[in-house]
Amino acid sequence: MIGDSIILATAGYDHTIKFWQPHTGICTKTVPHADSQVNDLAITPDKQNIAAAGYQHIRIYDINSNNPNAITKYEDISKNVTAIGFNEEGTWMYSSGEDHNARIWDRRTRSNNCQRTFQAKAPINCACLHPNQAELFVGDQSGAIHIWDLKTDQTEQYLPDAASGIQSISVDAEGTHMAAVTDKGVCFIWTLTQGRSSGELTQPHPKEKLTAHRKYALKCLFSPDSTLLATTSADATIRIWKTIDFSMMAELSLGAENTQRWVWDCAFSDDSQYIISGSSDNFARLWNIDSGKVEREYAGHSKAVTSIAFIDS
């Protein structure tokens, strides 16, 4: 991957992070992550580092080095870290965890301690940064979605369904829509509007409630061009929805011999024409959304692939 502008990384339950040539399916590097499984991956905006969220820690690795060891370690977390990501400048990182906390980590300080914390009343399953870079959307197991204003520390809570946990949240690139999926397979859609006055949080307005899957939903993600929404599930499928009316455009599966089982994660290509998925059958796959066909398989993991990180722009 040295010097490559396209980065594809996968990880999961086999305690490794693998880097791939997306067009050939060849694994170019395997980095051991011996301390735990990997729950989430995030590439820094400058494409130099990758963060891996695990059990009680976050590790940062140098993508372009042959050094297999983490260059930065974030500790003092009591349970699983469920999500990680970076602001667009890469100067700070956010995380969420089963210890009920969302955290902000300033990468410019020499200290590896978090600088700010938001505490929910239930384990936090997911977090998503608004494109305005100032609000973190956090989903927890009680069914609550919290909007945390990173400038003022103000928070607001929304409860679309108290009977099911929020598993994934996505805000589109334009900042006009938010999606969230639950462990009952439901996908909620909101339109987002800016607060009426300065200092007021983004306001979500309910738009759609989709029965996206018949089983546990795991991930939702808007495409870079904001025209599509992908949802993944324990039903072994990825479903693609048109955001113009939230009708289903495609169901991506392996057909009658569908071995994917749980589809844990996905990532769109920059042109929104392809999507890469990771699933419980130890494979990652590159799908052509229009044809519904698998164009490439990435084989090499020995256990479930639960995390995908992909940059091709």
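Not measured: the values here are computed from a predicted model. (Residues numbered from 1 in each chain as written. Predicted model: local features only at pLDDT ≥ 70, side-chain atom pairs only at ≥ 80, totals over all residues. Heavy atoms only, no water.)

(A) Local environment of the packing of aromatic side chains. Within the structure shown, the criterion is met by seven aromatic pairs. Considering the side-chain rings of Y13 and W264, the 6.0 Å spacing of their centres and the 80° angle between planes classify their relative orientation as edge-to-face. Separated by 251 residues along the polypeptide, Y13 in the loop between β1 (7-12) and β2 (16-20) and W264 in strand β24 (residues 263-268) bring together distant segments of the chain. Consider the rings of Y216 and W262, whose centres lie 5.2 Å apart with planes at 35°: the pair is tilted. Of the two residues, Y216 is situated in the loop between β19 (203-211) and β20 (217-222) and W262 in the loop between β23 (247-252) and β24; the sequence distance between them amounts to 46 residues. Judged by relative accessible area, which is 28%, Y216 ranks as partly exposed. A cation sits over an aromatic face here: K29 above F19, 5.0 Å from the ring centre. (Phe/Tyr/Trp six-rings, centres within 6.5 Å; stacked < 30°, edge-to-face > 60°. Helix = DSSP H or I, 4+ residues; strand = E, 2+ residues; numbered from the N terminus. Buried < 20%, exposed > 50% of the residue type's maximum accessible area, 1.4 Å probe, protein only. Lys NZ or Arg CZ within 6 Å of the ring centre and 35° of its normal.)

(B) Main features of unusual backbone geometry. Of note, the phi angle at H100 is positive, near 80°, even though the residue is not glycine. Looking at the secondary structure, you find H100 in the loop between β9 (92-97) and β10 (101-106). Classification of H100 as partly exposed rests on a relative accessible area of 24%. The backbone of A236 shows a phi angle near 75°, a positive value even though the residue is not glycine. Structurally, A236 is set in the loop between β21 (228-233) and β22 (238-242).

(C) Representation of the pairing of β22 within the structure. For β22, the tally of buried residues reaches four of five residues, placing the bulk of the element in the interior. One ladder, built from five bridges, connects β21 with β22; its direction is antiparallel. What sits directly across from A230, in β22, is I240. The turn joining β21 and β22, which pair antiparallel and follow one another in sequence, is formed by four residues; a positive phi near 75° is taken by A236. Linkage of β22 to β23, two consecutive antiparallel strands, is achieved through a turn of four residues, within which F246 is found at a positive phi near 55°. (Pairing = 2+ DSSP bridges.)

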